[in-house]
Amino acid sequence: MNLRRLRQSRQIRGLTREIHVTPDSLMQPIFYAEGIRSREAVPGLPGVFRETADSLLKQTEADLKAGVSSVLLFGVPGEKRESGFSGEATARQISALKKAFGQDLLVAVDVCVCSYTTHGHCGVLNAEQDHVLNRESVDELAQLARVYAQAGADMVAPSDMMDGRIAAIRATLDQHNLERTLIMSYAAKFHSRFYGPFRAAADSAPKVREAASPAHAALKDRATYQIDPARPSDAFLSAQRDADEGADLLMVKPGLPYLDILARLSSEISLPWAVYEVSGEYAAIEALAEKGLIDPLRAHAESWIAFKRAGASLIITYGARNAREILKTLE
Ligand code: PBG
């Protein structure tokens with residue numbers, strides 16, 4: 001069989017390609033940090049910053065010119081609490097973005113409290129401070145989702161992994177006449193080490209590092225709420241449940257180490273699938289490039305093709321703002 005006949009020129013390769021990545025399927029994560037005087041580079045993620053209110057607007061304007069049409073906003077408030085989060089600082093940036101860019105920009109907002117809490121966990125702790133409470137956490141998340149949606153967010157994206165949050169958020173949004181607000185569930189979110197660079201940007205690492213006592217073991221990391229990498233069936237149950245509770249889009253996160261999950265889930269559940277190319281995956285390519293060991297543009301493009309091949313509709317990536325340059329390498 002002659003397979004090389006179809007590989008012989010740029011033109012025939014282009015004509016026979018099955019997978020295409022276009023800038024309109026990429027979403028750019030952006031960080032707003034309250035109380036910083038000037039924007040700060042995020043270690044490991046070249047071209048990504050913790051923005052001030054001003055720099056957030058300037059960067060987003062540049063992003064739009066570079067072909068970005070959707071962003072995923074992470075807000076980091078200046079003051080941490082244990083409960084009763086207002087979400088105001090984040091809501092102000094949502095309003096500012098919608099006022100400046102209107103329908104030219106889809107604004108998705110991450111809904112979680114790990115950047116809001118003193119302890120860095122994605123929910124509210126019990127009085128003894130030895131575990132994360134589910135119902136109390138869901139109540140907080142639903143209120144935050146409402147505040148963001150009322151500020152103009154087009155989409156809310158809960159990343160906390162509490163049980164029942166999709167149903168609670170949908171009900172709260174509907175009660176407040178926010179039935180057009182989309183919900184993208186981080187449904188298949190694994191307990192991963194690849195979130196490292198992000199946690200510095202979002203100031204969201206769990207702060208009870210080594211459990212103070214065996215009774216506090218549940219708080220040393222996020223293993224009691226995120227999915228165990230060795231439990232693919234848990235990801236399936238979580239995704240099916242979130243679809244049933246009313247999620248409009250579902251997500252697999254991280255990306256490359258979980259392509260098997262993305263391929264299986266996207267063929268079994270017919271909602272649009274997002275994949276999050278997380279900070280550690282993106283930074284790994286950049287770190288190899290810094291050592292002169294890889295061409296980063298081609299490596300990013302290759303990762304994105306892999307996500308599409310595995311069934312992703314949309315890709316959340318720190319490289320969305322460089323998509324033109326990255327995708328040019330595929331021509
Ligand atoms: C917050 C959240 C995390 C990411 C997105 N939302 C980190 C975490 O769960 O610790 C990770 C994103 C990335 O690594 O790029 N719950």
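Refer to the structure printed above.
Rules behind the numbers
- Residues numbered from 1 in each chain as written.
- Predicted model: local features only at pLDDT ≥ 70, side-chain atom pairs only at ≥ 80, totals over all residues.
- Heavy atoms only, no water.
- Phe/Tyr/Trp six-rings, centres within 6.5 Å; stacked < 30°, edge-to-face > 60°.
- Helix = DSSP H or I, 4+ residues; strand = E, 2+ residues; numbered from the N terminus.
- Buried < 20%, exposed > 50% of the residue type's maximum accessible area, 1.4 Å probe, protein only.
- Lys NZ or Arg CZ within 6 Å of the ring centre and 35° of its normal.
- Contact = heavy atoms within 4.5 Å.
- Expected span 1.5 Å × (residues − 1).
- Arc of directions from axis to C-beta.
- Pairing = 2+ DSSP bridges.
- 1 Å grid on protein atoms, 1.4 Å probe; cavity = no way out; pocket = protein on both sides within 12 Å on 5 of 7 lines; lining within 4 Å.
- Points joined across faces, edges and corners; volume = space filled by probe spheres on them.
- Nonpolar A, V, L, I, M, F, W, Y, C, P; charged D, E, K, R; others polar.
- Lys, Arg positive; Asp, Glu negative; His and termini not counted.
- Salt bridge = Lys/Arg side-chain N within 4 Å of Asp/Glu carboxyl O.
- Disulfide = S-S within 2.5 Å.

1. A short note on the packing of aromatic side chains
- The final tally for this structure, using the stated rule, is 9 aromatic pairs.
- Taking 6.4 Å as the distance between ring centres and 5° as the angle between the ring planes, the aromatic pair formed by Phe-31 and Tyr-318 counts as stacked. You can see Phe-31 sitting in strand E1 (residues 26–33) and its partner Tyr-318 sitting in the loop between strand E12 (314–316) and helix H11 (323–328), a full 287 residues away along the chain. Of the two residues, Phe-31 and Tyr-318, both sit in the buried class.
- Clustering of aromatic rings is evident, with ring pairs tying together Phe-31, Phe-74, Tyr-186, Phe-198, Tyr-276, Tyr-282 and Tyr-318.
- Positioned above the aromatic ring of Tyr-195 is the side chain of Lys-189, whose terminal nitrogen or guanidinium carbon lies 5.5 Å from the ring centre.

2. What to know about the environment of Met-155
- You can see Met-155 is positioned in strand E8 (residues 155–158).
- Residues Met-155 and Val-107, spaced 48 residues apart in sequence, show a C-alpha to C-alpha distance of 6.4 Å.
- In this structure, Met-155 is in contact with Met-27, Leu-106, Val-107, Ala-108, Val-109, Thr-181, Leu-182, Met-184 and Leu-249, ignoring residues within four places of it in sequence.

3. Observations concerning helix H7 (residues 232–244)
- For H7, built from 13 residues, the straight-helix expectation of 18 Å at 1.5 Å per residue is met to within 8% by its first-to-last C-alpha distance of 19 Å.
- Those residues of H7 not exposed but buried are Ala-235, Ser-238, Ala-239 and Asp-242. Angularly, the buried residues of H7 cover 95° about the axis, an arc narrow enough to put them on a single face. Residues Leu-237 and Asp-244 are exposed on H7 and point more than 90 degrees away from its buried face.
- In the segment just after H7, Gly-246 is the residue with positive phi, at about 110°.

4. With respect to the pairing of strand E10 (residues 249–253)
- Burial within E10 is extensive, with 5 of its 5 residues counted as buried.
- Side chains of E10 alternate between two faces, with Leu-249, Met-251 and Lys-253 and Leu-250 and Val-252 buried alike.
- Two strands pair when backbone bridges link them, and strand E9 (residues 182–189) and E10 are joined in this way by 4 bridges, in the parallel orientation. Residue Lys-189 lies in a different strand from E10, and its bridge partner there is Lys-253.

5. A closer look at empty space enclosed by the protein
- By the definition in use, this model includes 3 cavities of 30 Å³ or more.
- One number sums up the size of the largest cavity: a volume of about 160 Å³.
- Taken together, 19 residues form the lining of the largest cavity, with Cys-114, Lys-189, Tyr-195, Phe-198 and Lys-253 sitting closest to its centre.
- Breaking the lining of the largest cavity down by element, the ones donating at least two residues are E9 and helix H6 (196–202).
- Here the lining of the largest cavity is built from residues that sort into 10 nonpolar, 4 polar and 5 charged.
- Approximately 80 Å³ is the volume attributed to the second largest cavity.
- Taken together, Phe-74, Gly-75, Asp-110, Cys-112, Val-113, Cys-114, Ser-115, Tyr-116, Tyr-148, Phe-198 and Ala-202 make up the lining of the second largest cavity.
- Only strand E4 (70–76) and H6 provide two or more residues apiece to the lining of the second largest cavity.
- Residue composition of the lining of the second largest cavity, by class: 8 nonpolar, 2 polar and 1 charged.

6. A short note on the side chain of Lys-308
- If you trace the backbone, Lys-308 turns up in helix H10 (residues 296–309).
- As a buried residue without a salt bridge, Lys-308 has its nearest oppositely charged side chain in Asp-24, at a separation of 6.5 Å.
- Discounting chain neighbours no more than four positions away, the residues touching Lys-308 are Ile-19, His-20, Val-21, Ser-25, Ser-313 and Ile-315.

7. Here we look at the state of the cysteines
- Within the structure shown, the criterion is met by 0 disulfides.
- Here Cys-112 is not cross-linked by a disulfide; its sulfur's nearest cysteine counterpart is in Cys-122, at 3.6 Å.
- With a relative accessible area of 5%, Cys-112 lands in the buried category.
- You can see Cys-114 has no disulfide; the closest cysteine sulfur is in Cys-112, sitting 3.8 Å from it.

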